[in-house]
Amino acid sequence: MLRIRAGVVFPVTAPPIEDGAVLVGADGRIAAVGPHARVPAPREAERLEFPGAILTPGLVNVHTHLELTHLAGRNGEKDFVKWIARVRELKEATPPEEFLAAAERGLRDCWGRGVTCIAETGSTGAAMEALVRFGGRGIVFQEVFGPSPAQVATSMAELEQQVLRLRRLATSQRRVGVSPHAPYTVSESLFRRVARFAQQDGLPLAVHLAESQEESELIRYGAGPFAESLRARGIAVEPHHCSPVQYLRELGVLRPGTLAIHCVQVDDADMQTLKTNRVAVAHCPRSNRAHAHGWAPISAVRDAGIPVGIGTDSVASVPDLDVWAEARVSWFGADEALRLLTLDGARALGWERDIGSLETGKAGDLAVFAHSPPHRLPPPPAALLTVVGGRIVHRA
Ligand SMILES: [Zn+2]
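In this text the structure is predicted, and so the values were computed from the model without any measurement.

Caption draft 1: Up close: the pattern of salt bridges. The final tally for this structure, using the stated rule, is 22 salt bridges. Across the pair Glu188 and Arg192 runs a salt bridge whose closest N-O atoms are separated by 3.8 Å. Of this pair, Glu188 and Arg192 are both found in helix α5 (residues 188–201), 4 residues apart, which corresponds to roughly one turn of the helix. Taking the relative accessible area as the measure of exposure, Glu188 reaches 35% and is therefore partly exposed. Salt bridges here are not isolated pairs; linked through shared partners, they connect Arg302, Glu336, Arg339, Asp344 and Arg347.

Listed below in structure tokens is the structure:
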């Protein structure tokens, strides 16, 4: 049992509580939230007090590649198409154990920032192993690639095998999904097969979508640098005369719970399609800015009623895993940022019944941040304390 008292408690689904406290039961779930004087203090509970600090639900980072943490600062390509190719080369040159070390460092970094839930897209399963080893919460989307229709059988066999392996490690705190990487690395037939597999097996799906103008050019006109590089590899490219969002809808990839990562190049019709198909969006503004993709029309996406969470993407794209910085560059106010980083993030991952706010019965995932001036949002990025399922995973 754990009882934490803080200067202000932000439940997110209720107004902030001055001199508040949270009691997490032995089952790892929140047993009480409220003013300090009204929250029980059982003798067996470990008691922690942070008078000048704020306590929030654990933060949710809806898009990471923690297995690539070792690539920080190692990809200097300015051009996005070349940058993607360079990531592939760097990954191929990475020994397997280094992915695990990278994922472990990435996970600890997240915890140090009050992030208690990550949504990883990765090909190695390293993030899942890190979650198991350290007892974290997250969803791991197993990536699958294959731009040539000739690769479908091999890619599917590998995907099914990896998913089987990850599923043995899954619990209520660790989920498994699939991620056909992106429209420029996955063939039409592979998209259809992965979508069908996900549907049949009840697996959530994440996909990088509508990220760059080069991707739109490839899908709409069968032209541009992605088309050229595919043709250079002997892969046929056809124009589809539509946006990437419409293309994936046609292929059956956009289904309830699908997480569309980036969604920078979207128009009103695309937003309507995302909404109708109950797709959620992972907003990664600093990554989009770093690659000069432009700004996602995120206010319009949210106004359309599409669930949006905030993701950092990998440290190969951004300087660090600071989710507050992501909210800041998008000009969200502090209260809105907190909501995006907690309950909205949880909703984007279909996890809002369990996490994202401080409510009795929800998982004991929370973070404590110091702040000066005290009691105000947003806090500095470093957390004083991070708790996952009632267990302290980080203490400054
Ligand atoms: Zn990504």
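Past the structure itself, the notes keep going.
Caption draft 2: Structural view of the side chain of Glu120. Looking at the secondary structure, you find Glu120 in strand β6 (residues 115–122). As a buried residue without a salt bridge, Glu120 has its nearest oppositely charged side chain in Lys91, at a separation of 8.4 Å. Only 2.5 Å separates the side chain of Glu120 from the backbone nitrogen of Leu66, close enough to count as a polar contact. Here the side chain of Glu120 touches Glu67 through a polar contact of 3.0 Å, landing on its backbone nitrogen.

Caption draft 3: Highlighting the packing of aromatic side chains. Taken as a whole and assessed by the stated rule, the structure comprises 7 aromatic pairs. An angle of 75 degrees between the planes, with centres 6.4 Å apart, marks the rings of Trp111 and Phe134 as edge-to-face. Placement of Trp111 in helix α2 (residues 96–112) and of Phe134 in helix α3 (residues 126–134) is noted, with a sequence separation of 23 residues between them. Centroid distance Trp324 to Phe369: 6.1 Å. Interplanar angle 85 degrees. Geometry classified as edge-to-face. Here Trp324 is found in helix α12 (residues 323–329), whereas its partner Phe369 is found in strand β13 (residues 366–370), with 45 residues between them in sequence.

Thresholds, definitions, all that
Residues numbered from 1 in each chain as written. Predicted model: local features only at pLDDT ≥ 70, side-chain atom pairs only at ≥ 80, totals over all residues. Heavy atoms only, no water. Salt bridge = Lys/Arg side-chain N within 4 Å of Asp/Glu carboxyl O. Helix = DSSP H or I, 4+ residues; strand = E, 2+ residues; numbered from the N terminus. Buried < 20%, exposed > 50% of the residue type's maximum accessible area, 1.4 Å probe, protein only. Lys, Arg positive; Asp, Glu negative; His and termini not counted. Polar contact = N/O pair within 3.5 Å; in protein donor to acceptor, adjacent residues only side chain to side chain. Phe/Tyr/Trp six-rings, centres within 6.5 Å; stacked < 30°, edge-to-face > 60°.

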